[in-house]
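Coordinate analysis (summary)
Here is how the chains run, residue by residue.
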Amino acid sequence: MNKLSVYIIVSLVAILFSCTSNQTKKNQIIVSILPQQHIVSQLLPKEYKVSTMVTKGNNPVTYSPAPSQIKDINQASLYIKIGHIGFEDAWVNRFQELNPTLEIEDSSVGIDFIHGEDFIHGDHVHEGGIEPHIWTSPKTMLKVVYNTKNILQKAYPEIKDTIEQKSKSLIDSLKKIDSSYEKILNPLKGTSFLIFHPAYTYLARDYGINQISIEHDGKEPSVKWLQSVINDAKSKNIKTIFVQQEFDKRNAEIISKELGIEIIEVSPLNENYEEEMKNVLKKLKTNLD
């Protein structure tokens, strides 16, 4: 076989691969965290593949993508951010360098962000002091769902009506959860709960309760801070410490022993978002009453 024949064959294979790759890319969506995967999967037909960067049990502040996930990035056409988590601050611009055709959209647009002097998580300072955990309040998550629906309809206009139809049951479900939170937590306004990592800041704001965090400015708490938390918990008669599986429980265990209170695990990054938020409400009701 001469060089020209080889060149023609290689060129044809490259063209064929390119066509297949482009078709595959169109149906590949990347999100940052598992609750987003839950949403996007419900809004799209089954032939669309949704991949998550921060996988189960990993910390969204310090997580680095695996080589297989870099491959997913190269094969995707759309990345939907949750907003301002450390992983996104560190990696999203790099993803666009790896895949210049990757469209990046932000599902946190229009949310009433909570700001602080500095929200430091690990080795990242969140832009503008924005508290990132917008998905842990059903009320703010509804805005994320509306944004995600609009992003998908823009990206896939050929299935706009399908996305609209699929969104109705999801939105109805979240509205019911939001109503349950308002009904159950309204009589408990002003009460406090203790948690290691401050993941429920938006939930606390939206439903009128107080979150006390063991973690301080995204760092391991000092002895002085731990004593302050212990004193605060005693004065408020707090019964439980909430912890997340992604974080070290040692400091929570110190406070648990000091106060003689229970440690209860919560999973803000659970893929089954609606079920998890129902469970969180039950735990809050039991421990704030």
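Before going into details, it helps to say that this report is about the structure given with it. (Residues numbered from 1 in each chain as written. Predicted model: local features only at pLDDT ≥ 70, side-chain atom pairs only at ≥ 80, totals over all residues. Heavy atoms only, no water.)

Some words on the side chain of threonine 136
By the element assignment, threonine 136 lies in the loop between strand S6 (124-125) and helix H5 (138-155). Only 2.6 Å separates the side chain of threonine 136 from the backbone oxygen of alanine 199, close enough to count as a polar contact. Once residues lying within four places of it in the same chain are set aside, the contact partners of threonine 136 are Ala199, Tyr200, Leu203, Pro268, Tyr273 and Met277. (Helix = DSSP H or I, 4+ residues; strand = E, 2+ residues; numbered from the N terminus. Polar contact = N/O pair within 3.5 Å; in protein donor to acceptor, adjacent residues only side chain to side chain. Contact = heavy atoms within 4.5 Å.)

Side note on the pairing of strand S3 (residues 78-81)
Residues Leu78 and Ile80 point to one face of S3 and Tyr79 and Lys81 to the other, with burial holding for every one of them. Bridge count for strand S1 (residues 28-31) against S3 is three bridges, and the pairing is parallel. Directly across from valine 31, in S3, lies its bridge partner isoleucine 80. With four bridges connecting them, S3 and strand S4 (residues 103-106) associate as parallel partners. (Buried < 20%, exposed > 50% of the residue type's maximum accessible area, 1.4 Å probe, protein only. Pairing = 2+ DSSP bridges.)

Thoughts on the pattern of salt bridges
Inspection of every chain in the model, using the stated rule, returns 11 salt bridges. Residues lysine 149 and glutamate 164 are paired through a salt bridge, measuring 3.3 Å at the closest nitrogen-oxygen approach. Placement of lysine 149 in helix H5 and of glutamate 164 in helix H6 (residues 160-185) is noted, with a sequence separation of 15 residues between them. Under the relative-accessibility criterion, lysine 149 is labelled buried at 9%. The closest approach of N and O atoms between aspartate 289 and lysine 285, which form a salt bridge, is 3.4 Å. Residue classification places lysine 285 among the partly exposed positions, given a relative accessible area of 37%. Through salt bridges that share partners, Asp112, Arg205 and Asp206 make up one connected network. (Salt bridge = Lys/Arg side-chain N within 4 Å of Asp/Glu carboxyl O.)

Overview of helix H8 (residues 223-235)
In this model, H8 (13 residues) spans 19 Å end to end at C-alpha, consistent with the 18 Å of a helix rising 1.5 Å per residue. Listed as buried for H8 are Leu226, Val229, Ile230 and Ala233. When H8 is viewed along its axis, its buried side chains cluster within an angular range of 100° and face the same direction. Opposite the buried face of H8, at more than 90 degrees from it, the exposed residues are Lys224 and Ser235. Where H8 is buried, its residues meet strand S7 (192-195), strand S8 (210-213) and helix H9 (250-259). Of the residues flanking the end of H8, it is asparagine 237, one or two places downstream, whose phi is positive at about 55°. (Expected span 1.5 Å × (residues − 1). Arc of directions from axis to C-beta.)

Any link to function would need more than the numbers given here.
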